[in-house]
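Spelled out from the first residue to the last, the chains are:
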Amino acid sequence: MTKQDLMTLFEQGPVILDGATGSNLMAKGMPMGVCPEAWIYDHKEAIVSLQKEYVQAGTQILYAPTFTANRIKLEEYGAQDRLEELNRAMVRYSREAAQGKAYVAADLTMTGQQLYPVGDLEFETLVDVYKEQLQAILKEGVDLIVVETMMSLQECRAALLACKETCDLPVMISLTYNEDGRTLYGTEPSTAMIVLQNMGADVVGINCSTGPEDMIHLVEEMAVYADIPMLVKPNAGMPELENGETVYKMTPEEFATSCEKLLDAGASFVGGCCGTTPKHIEALAKRVKGRKNPAIQVKHMPVITSERQNVSVDVDGKFMVVGERINPTGKKALQEELRAGSMKMVREFAAAQEQAGASVLDVNMGTNGIDEKAMMLEAIYEVTTTVDLPLCIDTSYVDVMEAALRVYPGRALINSISCEPEKMEKLLPIAKKYGAMFVLLPLSQAGLPKDLQEKKDNIKKILEAAKKVGLSSKDAIVDVLVTTVGANPTAALECFETISYCKDELNLPTICGLSNISFGMPQRTFVNTAFLNVAISKGLTMAIANPSQELLMYTAFASDLLLAKEGASERYLEAVPAAAMKMTKADAGSSKKEQSEEKKEHPIFECVVKGDKASIVFCVQKAIEEGMHPSDIIETYLIPAINRVGDYYDQKKYFLPQLIAGANAMKEAMEYLEPLLVGDDDSEPKATIVFATVEGDIHDIGKNLVVLMLKNYGYRVIDMGKDVPAEHIVDTAIKENAAVIGLSALMTTTMMRMKDVVDLAKQKGCRSKIIIGGACITESFAEEIGADGYSSDASDCVKLVSEMIDG
């Protein structure tokens, strides 16, 4: 199948996918806790008969049951040596079921391990894991590739790169979202669409998560940015407990009716996930028969993103500052830190610039005495877990740029691509491969253009070269090449001409290095600010500058206000009261140093809140040297700090990466302090908690985080791992006199094992309170099975346990 074949299918009307596999195979006898692919291998007829039913129901694309047949997942069953055998067999079985009447897709999914820096799995290792699986699948032959039920945008990127670097088949990717409309890692559907379609995905969408009705607003959010078809595979509603079994009560007719609303919202590839059967797909196919998909309107919106935030680069939009401070040039202290391998100042600069109002952060690691590539990668890891802002990758070396773009979990901005043939030939294809936008630098090998016409010619030349590799003019932001007014009296006027040309004739956004205009001049701030004011009036979109310069930032806010830009009034009014408050304090006689100290928390507290694992032990040691007792450090700084992290998580200021970073920083401090607490009357653990992922479920990301958080709060936690039988859990709780049993499940097919634990605990007279949680779990389910409590996430679980034990 070619990409054009897929588009031809799309043009014929809604494309019907298949429905659930796992739950239907369990109905055919597949037990919980087994390796699905190994069981299917031994029970071929079960999958073939199911998929034949889907084809007869109207399915046009069948998902081969290779879902968890990657090396990491197979290792959990001791079946890694059967990787090729199992993957090839799964494809053969689906081919047999399709009988040439449906396309067969390879099916990839997450591994269950977290990527660095949140976890230990390296990005390139994950790419290789997916490549290994694909190479086995391709020996048997599939028509396209599906990457589904993903929770991490970065894992999606790894899978997509593996696909692109292995074959030319079309790739469809779908993620699963929480009730708040974000993935576990904080990614919105719009961000996923922007990043993945620009990296070359052919279809992007949503599966699992919810029933059809609750997916509508997510599809509408994606549709704003979508230049490719959208995919939906909703559940048959939400699971309910009936006669001790988990059931989905949405009828095939109700499912079909609701799915039509998803098509109205813009989806065009539609099937089912948990709880759906061939009858659901049959009703769906009949319902949408004869319907046409609207033609895709390619918008190619200029947007850069992080994993958790989008920034639109709109010619007529608000003026934005690209924070310039993460650059060692002229900063001796930063240079020394980088040579020592420290990222402390990088993190501080990132956080300070975000707080000061930067929209994007420029990251440059160019200094002597370091490995620039290694340091650039580490800077990206640190900055992306510290702030939500998108990054502008700034380096003169092509290999450093590609390495950075490869691991960056979003759509980055390249700084920059000039008219020099070598730069264009190497960097433009890299921008295309990784879906990046780029700063177009109209310099040639001859140097600065001698006049505006040469500058225009250089811009045109780069845009034409970009078009040849598949990029659009909307991927570019033109650098207006600011030079110093001290050497060239018309420097500002030349920039204003360039800005007007790009805005009025090319409809392209512009950027500049602001401080260049005043180089060599006295009182540079006034020159910079005056230049900026006029430049914004001419249409300047962005400037690389220091956002901590208040005069500059307030001038930008005021300029947007006077130009009546959308939202400018609100931005100005939000900024001015803060400025007025600072001025009032200054008038009252408080020094800048005093004002700064008022805001600062203790370094130990700050290390936890900012996830600074590298510095926290030093800060703890210093506090002890100054006479502070270890238990006081825990009560005064560590516990309040992790509470603050939890509050930020609840408020959606923080997402999973920051939550884990804070918890890991606290863990470092606790591990250092624990030996010092021996013999301390207050050092005994609060209570014992037994935690496990239930039998049949091999997912433990959420459980591991809860365990880490509870340990940080001083509880004695017995982590029993995943796929743990009910009897083992209850017996351990009784033996250890556990105050609480915590249970986790990700899959709807395993959630009923929680009831097994509840029932068995009652039978054995276990006095432990039982709390449950997981992606598929609800508070009403907890009540139905007789659990004592439900928590939606790790932060909520800590509060729940505290209420249960400490009152």
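Before reading on, note that the structure itself is shown above.
The rules we used
- Residues numbered from 1 in each chain as written.
- Predicted model: local features only at pLDDT ≥ 70, side-chain atom pairs only at ≥ 80, totals over all residues.
- Heavy atoms only, no water.
- Helix = DSSP H or I, 4+ residues; strand = E, 2+ residues; numbered from the N terminus.
- Buried < 20%, exposed > 50% of the residue type's maximum accessible area, 1.4 Å probe, protein only.
- Contact = heavy atoms within 4.5 Å.
- Areas by Shrake-Rupley, 256 points an atom, 1.4 Å probe, with all protein chains shown as cover.
- Core = buried A, V, L, I, M, F, W, Y, C linked by side-chain atoms within 4.5 Å.
- Salt bridge = Lys/Arg side-chain N within 4 Å of Asp/Glu carboxyl O.
- 1 Å grid on protein atoms, 1.4 Å probe; cavity = no way out; pocket = protein on both sides within 12 Å on 5 of 7 lines; lining within 4 Å.
- Points joined across faces, edges and corners; volume = space filled by probe spheres on them.
- Nonpolar A, V, L, I, M, F, W, Y, C, P; charged D, E, K, R; others polar.

Asks: I'm lost on the overall build of the protein in this one. Help?
Replies: When helices and strands are tallied, the protein shows 32 helices and 25 strands. In terms of overall dimensions, the protein has C-alpha extents of about 85 × 75 × 45 Å along its principal axes. Considering the protein as a whole, with its 807 residues, one finds that 58% of them fall into the buried category. In the protein, the share of contacts with a sequence separation of at least 24, taken over all contacts with a separation of at least 6, comes to 76%. When the accessible surface of the protein is totalled, it reaches about 32900 Å², and 49% of it is carbon and sulfur.

Asks: Would you take a moment to explain the nonpolar core for this structure?
Replies: Note that soluble globular proteins tend to have their nonpolar side chains buried in a common cluster. In terms of nonpolar packing, the biggest core is built from 148 residues, with Leu196, Met365 and Phe438 touching the most fellow members. Counting residues per element, this core draws most heavily on helix α8 (residues 153-164), which supplies 8 residues. Among all residues touching phenylalanine 438, those that are not within four sequence positions of it are Leu413, Ile414, Ile417, Leu428, Ile462, Ala466, Leu471, Asp475, Ala476 and Ile477. Residues Ala665, Ala669, Met670 and Leu710 belong to the second largest nonpolar core, which totals 53 residues.

Asks: How should I be thinking about the pattern of salt bridges in this particular structure?
Replies: Where charged atoms from two side chains of opposite charge approach closely, those side chains can pair. Per the counting criterion, the structure on display carries 45 salt bridges. One salt bridge in this structure joins aspartate 202 and lysine 3, with 3.0 Å as the shortest N-O distance. Highlighted residues: aspartate 202 in the loop between α9 (189-198) and β6 (203-208) and lysine 3 in helix α1 (residues 3-11), separated in sequence by 199 residues. Residues participating in the shared-partner salt-bridge network are Glu84, Arg88, Arg92, Lys139 and Glu140.

Asks: Would you mind going over empty space enclosed by the protein with me for this structure?
Replies: Empty space among the atoms can be located by rolling a probe the size of a water molecule over them. Applying the stated criterion to the full structure yields 3 cavities of 30 Å³ or more. For the largest cavity, the calculated volume is near 240 Å³. For the largest cavity, the lining is made up of 21 residues, of which Pro117, Val118, Gln154, Glu307 and Pro409 are closest to its centre. Listed by contribution, the elements that provide at least two residues to the lining of the largest cavity are α8 and α15 (372-386). For the lining of the largest cavity, the element with the highest residue contribution is α15, accounting for 4 residues. Here the residues of the lining of the largest cavity sort into 12 nonpolar, 6 polar and 3 charged.

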